[in-house]
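Analysis of the macromolecular model
Listed below, chain by chain, are the residues.
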Amino acid sequence: MSESIDVTGRLRKMPAKAGDPVTYTLKVGDTPIALNELIGRQVRFDYDGVIRCIHCDRTTKKSFNQGYCYPCFRKLAACDSCIMSPEKCHFHLGTCREPERGEQNCMVEHVVYLANSSGLKVGITRASQVPTRWIDQGAVDAIPMLRVASRYLAGLAEVACKAHVADRTNWRAMLKGDVPELDLVQERQRLLAVIEPDLAELRRTHGEDSLRVVDEASLGLGYPVQVWPSKVKTHNLDKSPDVEGRLEGIKGQYLMLDTGVINIRKFTGYEVRFRVLD
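I will try to describe carefully the structure that is included in this document. Please read these numbers as outputs of a predicted model, since none were measured by experiment.

Thoughts on helix α5 (residues 151-162)
- End to end, α5 covers 16 Å across 12 residues, agreeing with the expected 16 Å (1.5 Å per residue, within 8%).
- Listed in full, the buried residues belonging to α5 are Arg-151, Leu-153, Ala-154, Gly-155, Ala-157, Glu-158, Ala-160 and Cys-161.
- Buried positions along α5 lie against α2 (81-84), β6 (110-116), β7 (120-126), β8 (141-148), α7 (184-206) and β9 (211-213).

Pasting the structure below:
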């Protein structure tokens, strides 16, 4: 007999582990649900209209920056503009919103990488977040290119790369499985040659040991998908609080239902009832 699941709580970003395929867990409140086992089954989300900030737990009418209330969005370092644009880091100016958090999360080794999620893109992440960051973006292949001393320096290196390669994922193409094959080792060599003058300038300014080119292998990633959607329709809990469909796949932070896709990360902090109906 199929396991019965009926839980209520706040949604959280889905934890995932690299494997063949990637293994996903849905967090509803304090309850972890093994999602891969639910592929092919009918599931349902019922949103009760309540959003609670993932930091302070206060009720909020609107979620900011994927799960925060407005006061937290305004004061927390995790919501500062430098999170999206790391080259704008102002820690060295003494104006970081939370200096201790900056020490722990920004003034540590970061990786500048190339990934193939819907085509070639450049990105950065803390070294400790490899390969989680790649999975969250739905990359089918990713490769480290540089290891650098801080988030700020990683952002500057990324800016140099963005003149020659995209830094965004086409999420619709990613969800259709419409991803071209790329030789990331070759792409890394090509891009490093193009940005060498920029890297030399960064070393002169920040020190020879502040960044280094790495010759690390790429990592291929597969996802638990039975059926790729031919057309991507999205579910929005704010507009339609009841979402139901057969779970056909998981990629990035998206659940693929036969009725449309839902971005779990977008609805972090939303209180829902989650059920498996068959």
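Describing the packing of α5 against α7
- Here α5 crosses α7 at 145°, and the two axes come no closer than 9 Å. The interaxial crossing formed by α5 with α7 has right-handed handedness. Packed against α5, whose contacting residues are Tyr-152, Leu-153, Leu-156, Ala-157, Ala-160 and Cys-161, the element α7 presents Leu-191, Ile-195, Asp-198, Leu-202 and His-206 at the interface.
- In terms of residue class, the contact of α5 with α7 is made up of nine nonpolar, one polar and one charged.

Some remarks on the sheet that holds strand β1 (residues 6-10)
- Strands sit in the order β1-β14-β5-β11-β12-β13 across an open sheet of six strands; the sheet is antiparallel. A strand with exactly one partner marks an edge of an open sheet, and here the two such strands are β1 and β13 (260-263). This sheet shows a mean twist of 35° between the axes of neighbouring strands, independent of strand direction.
- Pairing of strand β11 (residues 242-251) with strand β12 (residues 254-257) involves four bridges; the strand directions are antiparallel. Of the residues in β12, the one forming a bridge with Gly-249 is Met-256.

A short note on the layout of surface pockets
- Empty space within the largest pocket amounts to approximately 1,900 Å³.
- Counting residues per element, the ones that place at least two in the lining of the largest pocket are α2, α3 (99-105), β6, β7, α4 (132-136), α5 and α6 (171-176).
- Among the elements that take part in the lining of the largest pocket, β7 stands out by supplying six residues, more than any other.
- In terms of residue class, the lining of the largest pocket is built from 14 nonpolar, 15 polar and 15 charged.

Re empty space enclosed by the protein
- Evaluation of the coordinates by the stated rule reveals one cavity of 30 Å³ or more.
- Considering only enclosed or pocket space, the largest cavity measures out at about 100 Å³ in volume.
- If you trace the largest cavity, you find it lined by Ala-77, Cys-82, Ile-83, Cys-89, His-90, Phe-91, Cys-96, Arg-101, Gly-102, Cys-106 and Arg-151.
- For the lining of the largest cavity, the secondary-structure elements that each account for two or more residues are α2 and α3.

Some details on the environment of Leu-247
- Positionally, Leu-247 belongs in strand β11.
- Overall, Leu-247 belongs to the buried group, its relative accessible area being 1%.
- Taking the C-alpha atoms as reference points, Leu-247 and Leu-38, 209 residues apart in sequence, are found 6.9 Å from one another.
- Residues contacting Leu-247, with those up to four places away along its chain left out, are Leu-35, Leu-38, Ile-39, Gly-40, Arg-41, Leu-255, Met-256 and Leu-257.

Cut-off values and rules
Residues numbered from 1 in each chain as written. Predicted model: local features only at pLDDT ≥ 70, side-chain atom pairs only at ≥ 80, totals over all residues. Heavy atoms only, no water. Helix = DSSP H or I, 4+ residues; strand = E, 2+ residues; numbered from the N terminus. Expected span 1.5 Å × (residues − 1). Buried < 20%, exposed > 50% of the residue type's maximum accessible area, 1.4 Å probe, protein only. Contact = heavy atoms within 4.5 Å. Axes fitted to C-alpha atoms, helices over the stretch in contact; angles between N-to-C directions. Left-handed = near helix turned anticlockwise from the far one by under 90°. Nonpolar A, V, L, I, M, F, W, Y, C, P; charged D, E, K, R; others polar. Pairing = 2+ DSSP bridges. 1 Å grid on protein atoms, 1.4 Å probe; cavity = no way out; pocket = protein on both sides within 12 Å on 5 of 7 lines; lining within 4 Å. Points joined across faces, edges and corners; volume = space filled by probe spheres on them.

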